[in-house]
Amino acid sequence: KCGGVAASLDPYCVASPLQNWLGHIVNVQRLHQKELDGIKDEEMKQRRLVELHAMEQAKNVYELEVVQDRLEDTEELGDEFPSPRVTAVVYDVGTGELKKLNWWGKLMSGTPDFYGHNVVGLK
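In short, a report on the structure.

Remarks on a nonpolar patch on the surface
Piece 1. A surface patch of nonpolar side chains, about 430 Å² in accessible area, is lined by Val89, Tyr91, Val93 and Leu98.
Piece 2. Here Val93 is to be found in the loop between β1 (88-92) and β2 (97-101).

In structure tokens form, the structure reads like this:
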């Protein structure tokens, strides 16, 4: 359970000074509002927002120039699976479970490949 995520779902908690800290989570909430609105159970909604936030951050890492440069370098070497591999995971403190998330399929499917990289294994 994440207090920041819970606070981001409460419009009265997203005022300054928390606004700066919660801004990224609120943006993820805005991007996925339709999906989150369909979840009635508050705990499940918070869990899903944690997952969505982790996936969005994995996408942000993938888009970094240094990552793109390294992917390009490993492709030029003929590597079948370019590196680095960007993975999104969430850890449930209550159960001890580490859950791998399919961020590529959720956030990148149906979008043009702006990067031009072989993304075998990510899809």
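Moving on from the model shown.
Concerning the pattern of salt bridges
Piece 1. All told, the structure shown has 7 salt bridges when counted by the stated rule.
Piece 2. Ionic pairing is found between Glu51 and Arg48, a salt bridge with its closest N-O pair at 2.8 Å. A residue pair is termed a helical-turn pair when its members lie 3 or 4 positions apart in one helix, as Glu51 and Arg48 do in helix α4 (residues 42-62) at 3 residues. Here Glu51 matches Arg48 in class, with each residue buried.
Piece 3. One continuous salt-bridge network, built from bridges that share partners, spans Glu35, Arg48, Glu51 and Lys99.

A word on the packing of aromatic side chains
Piece 1. Per the counting criterion, the structure on display carries 3 aromatic pairs.
Piece 2. Between Tyr62 and Trp103 the ring centres are 5.8 Å apart and the planes differ by 55 degrees, which places this aromatic pair in the tilted class. Within this pair, whereas Tyr62 is found in helix α4, its partner Trp103 is found in helix α6 (residues 103-107), the two being separated by 41 residues in sequence. For the pair formed by Tyr62 and Trp103, the shared burial category is buried.
Piece 3. With 5.2 Å between their ring centres and 80 degrees between their planes, Tyr62 and Trp104 make a pair best called edge-to-face. Taken as a pair, Tyr62 in helix α4 and Trp104 in helix α6 lie far apart in primary sequence, 42 residues in all.

Cut-offs and rules
Residues numbered from 1 in each chain as written. Predicted model: local features only at pLDDT ≥ 70, side-chain atom pairs only at ≥ 80, totals over all residues. Heavy atoms only, no water. Patch = residues over 30% accessible without salt bridge, like charges linked within 9 Å, V, L, I, M, F, W, Y side chains within 5 Å. Areas by Shrake-Rupley, 256 points an atom, 1.4 Å probe, with all protein chains shown as cover. Salt bridge = Lys/Arg side-chain N within 4 Å of Asp/Glu carboxyl O. Helix = DSSP H or I, 4+ residues; strand = E, 2+ residues; numbered from the N terminus. Buried < 20%, exposed > 50% of the residue type's maximum accessible area, 1.4 Å probe, protein only. Phe/Tyr/Trp six-rings, centres within 6.5 Å; stacked < 30°, edge-to-face > 60°.

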